[in-house]
Amino acid sequence: MRGFLKPVFYTALLLLSSCYNVGSVRLDQDQNDYSRALIESSKRQTLLNVVRLRYGDTPGFLDTTQLISGYQLQRSVSVGVGTDTGYVRPYGGVGAQLQESPTFTFQPVTGDAYAQSFLRPLPPGSLLPLAMGGLPIDVLFRLAVQSVNMISNAGAIGGNVGRGSPEFFELIHDLRLLQVAGLLGIQLEHSQEIPGKTPSFDRVFLTISSTSDPLLAETVFETRHFFNMQQNDERVEVVYGAGKPAPGQIRLLTRTMLGVLGQIAYQIEVPKTDITSGQTLPRVSLVGRETKPVVTIRVDEEQPQAPFVSIRYEKRYYWIAKDDFDSKLAFTMLQILLELSKTTKNPGAIVTIPISK
């Protein structure tokens with residue numbers, strides 16, 4: 001009889017031993033699934049806040065600070081013998097049950113964290129290196145820069161004041177040409193602390209290299225002239241602020257993240273009934289080279305099919321089309337800026353939601 005039980009017993013052990021691989025199998029799948037879910041939820045939260053601002057509604061931000069996915073594996077084995085019409089027959093069974101218990105921890109962005117993340121202007125030392133990482137500098141300036149020296153980007157307040165200066169769009173167009181040609185660079189230098197006078201800080205320099213290409217040489221000349229650079233100088237310091245710059249400097253007035261979101265919001269083309277009823281203001285009309293919004297957000301009462309990102313607000317759907325590459329790139333850059341602006345202050349209120357099946 002023992003000889004009959006051995007095959008059943010060994011088979012059960014083999015099946016149970018295979019269950020121990022559940023950790024390595026779930027790690028790869030969970031990492032991909034949760035990463036995708038976090039990215040998609042972040043995109044929807046950003047788009048929802050943009051639409052809320054369009055209608056003067058209160059934006060809200062909730063960060064996922066912790067995600068724990070726990071598993072409980074229950075195993076059982078049964079081995080024995082029985083009789084059937086006078087014959088002794090071995091029998092056995094193996095069972096396993098896998099239970100998943102994910103837990104999400106959310107933290108509302110409020111107080112000092114809100115002020116630091118959304119009401120503090122983006123520092124040029126953190127903003128400009130993004131262009132050297134491959135992000136288009138013209139899109140970056142349209143999103144995050146309000147003015148360069150004495151010329152202004154479009155604003156979110158509407159009317160002629162909010163349309164911006166044509167020279168601004170000419171400038172960022174030239175900067176993009178120089179960036180593509182490899183003639184535009186960013187340098188960061190750490191200043192030395194002067195005891196009792198000034199603390200150390202990072203200095204940011206914009207470099208514009210010379211070229212033998214006649215077309216690009218003209219762009220180099222015009223850009224240096226705009227920045228009041230000597231034609232034999234190749235770099236100029238970038239400082240935060242508005243107004244007339246000092247010799248050898250560029251004054252860059254950057255936006256807060258709330259300002260970036262508001263600028264995108266007031267470029268949404270909403271139904272005219274919402275404007276005539278007083279729910280929102282007319283869309284900001286741009287001037288110069290850039291006459292379309294940096295992010296085109298569409299609106300309809302019908303749910304879109306396979307959009308890049310979409311949300312529902314007040315019985316309408318707002319979305320970015322998957323085949324609109326320019327809008328997708330700008331929205332992705334917006335997400336990067338949001339991550340860049342986040343603070344590391346201690347958390348306040350925390351909401352933990354266990355999920356059981």
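So, here's what we can say about the structure. Within any chain, residue numbers begin from 1 and follow the written order of that chain's sequence. Residue-level local features of this predicted model are given only where pLDDT is at least 70; pairs of side-chain atoms are given and counted only at 80 or more, and the full residue set underlies all totals for whole chains, interfaces and linings. Hydrogens and water are ignored here; the side-chain numbers use all heavy atoms of the structure.

### Here's the deal with the sheet that holds strand β11 (residues 316–320)
In spatial order, the strands read β9-β11-β10; together these three strands make up an open sheet with antiparallel pairing. Looking at the sheet topology across the chains shown, the edges are occupied by β9 (298–300) and β10 (309–313). Strand-to-strand twist in this sheet, taken as the mean axis angle between neighbours without regard to direction, amounts to 25°. Here the rule is simple: two strands pair whenever DSSP picks up at least two bridges between them. Helix and strand definitions here come from DSSP, where helices need a minimum of 4 consecutive H or I residues and strands a minimum of 2 consecutive E residues; each element is numbered from the N-terminal end. Both β10 and β11 contribute to a ladder of five bridges, which runs antiparallel. Within β11, the position partnered with S310 by the bridge is W319. Orientation is described by axes fitted as lines to C-alpha atoms, over the contacting stretch for helices, and by angles from 0 to 180 degrees between their N-to-C directions.

### Structural notes on the pairing of β10
Remark: exposure states derive from per-residue accessible area (1.4 Å probe, protein chains only) relative to the maximum for the residue type, with buried under 20%, exposed over 50%, and partly exposed in between. The alternating pattern of β10 places V309, I311 and Y313 on a buried face and S310 and R312 on a face that is not buried. Counted between consecutive antiparallel strands, the loop separating β10 from β11 contains two residues, among which E314 sits at a positive phi close to 50°.

### Considerations on the nonpolar core
Note that soluble globular proteins tend to have their nonpolar side chains buried in a common cluster. Core analysis: the largest hydrophobic core is formed by 67 residues, its most contacted members being F141, V148, F227, I297 and L337. In what follows, a contact means two residues having at least one pair of non-hydrogen atoms within 4.5 Å. If we skip the residues at most four places from it in the chain, F227 touches V148, N149, L171, L175, L206, I208, Q249 and I250. Grouping buried Ala, Val, Leu, Ile, Met, Phe, Trp, Tyr and Cys residues that are joined through side-chain atoms within 4.5 Å yields what is termed a nonpolar core.

### Brief notes about the side chain of Q335
With respect to the helices, strands and loops of the structure, Q335 is situated in helix α11 (residues 325–341). Setting aside its immediate chain neighbours within four residues, Q335 contacts S42, K43 and T46.

### What about the pattern of salt bridges?
Note on definitions: salt bridges are taken to be side-chain nitrogens of Lys or Arg within 4 Å of carboxyl oxygens of Asp or Glu. Counted by the stated rule, this structure contains eight salt bridges. The salt bridge involving R52 is made with D57; its shortest N-O contact spans 3.0 Å. Residue R52 is classed as partly exposed on the basis of its relative accessible area, which comes to 25%. Residue class for D57 comes out partly exposed when judged on its relative accessible area of 26%. Between R316 and D274 there is a salt bridge, and its shortest N-O distance comes to 2.7 Å. One end of the pair, R316, is in strand β11; the other, D274, is in helix α10 (residues 272–276), and 42 residues separate them in sequence. What makes D274 buried here is its relative accessible area of 2%.

### Focus on the environment of A131
Its place among the elements puts A131 in helix α5 (residues 129–132). In contact with A131, other than residues within four places in its own chain, are I137, L140 and Q179.

Without other data, these values stay purely geometric and don't point to any function.
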